[in-house]
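Fold and contact review
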Amino acid sequence: MKRNSKLLLLTISGGIFGACLPLLISLGKLHFFDQLKIQWLQWPLRIVFVLLFLFLFKIFKDSRRFFRQSEIEEDDGRSESQYKKAFLKLGVGEMLMNVYMVLGIFNLSISLFLDLTTHLSLVLFLLDYFLFMVYFLLLPQYKKTIKLLRNYDYPLLAMPKDAPNLLNSYDEAEKEILFEENYRIMFQLNQIIFPSLYGVSILVSALTGTFQWFAFLLLVFLHLYINIKEYRSIKHYYR
């Protein structure tokens, strides 16, 4: 577990490093880099994708292995320990799947805005596209793990309507933890993150001399969306 934690920290740190530098360059913060150097700065992120893929494949496999061992283990203490490890690895895997998707979209977006007229740029774009599509190769592993641990046939391409069905496979303690964590996230978004992003948007507008309409409207839309969606839970409970 300690070794996996270090690998997780290294993977996330590498992802942040690989993502932040191209972002700064694309915003003109490091204007002395040309497009070729931008592409080279994407390589740490590409390495992260490979590490994430291997780690996710292993973590889902380990999750299923621990769960099977917990069912045949005769010692109650060891059985409970293996059971917890199985669900812990599943939770970490779910989080890293989301990280992979976010970084994949970000990296592919950078490649789309680079000059694709050269042979090298086109090859690198195809490489980034392949690394993004690799995400979908992990979905069967995730589906198999969910099926075993939660006894739920999770669809490969899940839709919002599938979320309640997946939630019903959780026990009451898990649901309570999810509720508390979601409430904490909502509070942080409303009180800290979105106000900070508004401030950053205004600051960037002041520095560039151009109001960032798209960024500001996008923030407003997302801010309103999550709060309007929160009304559904209130309405569902008090109806």
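What you see is a predicted model; the values in this text were computed from it and never measured. (Residues numbered from 1 in each chain as written. Predicted model: local features only at pLDDT ≥ 70, side-chain atom pairs only at ≥ 80, totals over all residues. Heavy atoms only, no water.)

**Things to note about the UniProt feature "transmembrane region" (unreviewed entry) in the chain**
Taken from the UniProt record, the annotation "transmembrane region" (unreviewed entry) applies to residues 7-28, 40-60, 95-114, 120-139, 185-204 and 210-228. For residues 210-228, the helix share is 84%, the strand share is 0%, and the end-to-end C-alpha distance is 30 Å. (UniProt positions renumbered as here; feature names shortened; annotations may be inferred. Helix = DSSP H or I, 4+ residues; strand = E, 2+ residues; numbered from the N terminus.)

**Some thoughts on the pattern of salt bridges**
With the rule as written, the count across this model stands at 7 salt bridges. The shortest N-O distance in the salt bridge between aspartate 128 and arginine 46 comes to 2.6 Å. One end of the pair, aspartate 128, is in helix H5 (residues 119-133); the other, arginine 46, is in helix H3 (residues 43-72), with 82 residues separating them in the sequence. According to the relative accessible area criterion, aspartate 128 is buried, its value standing at 1%. Put simply, aspartate 62 and arginine 65 hold a salt bridge, and the shortest N to O gap is 3.3 Å. Here the residue aspartate 62 and the residue arginine 65 both occupy positions in helix H3, the gap between them amounting to 3 residues, near one helical turn. Look at arginine 65 and you get partly exposed, because its relative accessible area is 37%. What emerges from the salt-bridge pattern is a single network uniting Lys58, Asp62 and Arg65. (Salt bridge = Lys/Arg side-chain N within 4 Å of Asp/Glu carboxyl O. Buried < 20%, exposed > 50% of the residue type's maximum accessible area, 1.4 Å probe, protein only.)

**Description of the environment of phenylalanine 211**
Counting through the fold element by element, phenylalanine 211 comes out in the loop between helix H8 (172-208) and helix H9 (213-238). In the structure, phenylalanine 211 is positioned 10 residues away from serine 201 in sequence and 8.3 Å away in space, judged by C-alpha atoms. Apart from the residues within four sequence positions on either side, phenylalanine 211 is in contact with Ser205 and Phe216. (Contact = heavy atoms within 4.5 Å.)

**Considering the packing of H3 against H5**
Helix-helix packing: each pair is described by the crossing angle between the helix axes and the interaxial distance. At a closest axis distance of 10 Å, the pairing of H3 and H5 adopts a crossing angle of 30°. Classified by the interaxial angle, the pair formed by H3 and H5 is roughly parallel. For the crossing formed where H3 meets H5, the hand is left-handed. The segment H3 lies against H5, with Trp43, Arg46, Phe49 and Val50 engaging Leu124, Leu127, Asp128 and Leu131. In terms of residue class, the contact of H3 with H5 is made up of 6 nonpolar, no polar and 2 charged. (Axes fitted to C-alpha atoms, helices over the stretch in contact; angles between N-to-C directions. Parallel < 35°, antiparallel > 145°, perpendicular 65-115°, else oblique. Left-handed = near helix turned anticlockwise from the far one by under 90°. Nonpolar A, V, L, I, M, F, W, Y, C, P; charged D, E, K, R; others polar.)

**Points about the nonpolar core**
Core analysis: the largest hydrophobic core is formed by 30 residues, its most contacted members being Leu56, Phe60, Leu90, Met97, Tyr142 and Ile146. Secondary-structure elements contributing two or more residues to this core are H3, helix H4 (76-112) and helix H6 (135-150). Here this core gets 10 residues from one element, more than from any other, and that element is H3. Counting 6 residues, the second largest nonpolar core, distinct from the first, contains Met186, Phe194, Leu219 and Ile226. (Core = buried A, V, L, I, M, F, W, Y, C linked by side-chain atoms within 4.5 Å.)

**Comments concerning the packing of H4 against H6**
Where H4 meets H6, the closest approach of the two axes is 11 Å, and the angle between their N-to-C directions is 155°. When the interaxial angle is binned, H4 and H6 end up roughly antiparallel. Here the hand of the crossing between H4 and H6 comes out left-handed. When H4 is examined against H6, the residues Ala86, Phe87, Leu90, Glu94, Met97, Tyr100 and Met101 are found in contact with a partner set consisting of Tyr135, Leu138, Leu139, Tyr142, Thr145, Ile146, Leu149 and Arg150. Class assignment for the residues of the contact of H4 with H6 results in 12 nonpolar, 1 polar and 2 charged.

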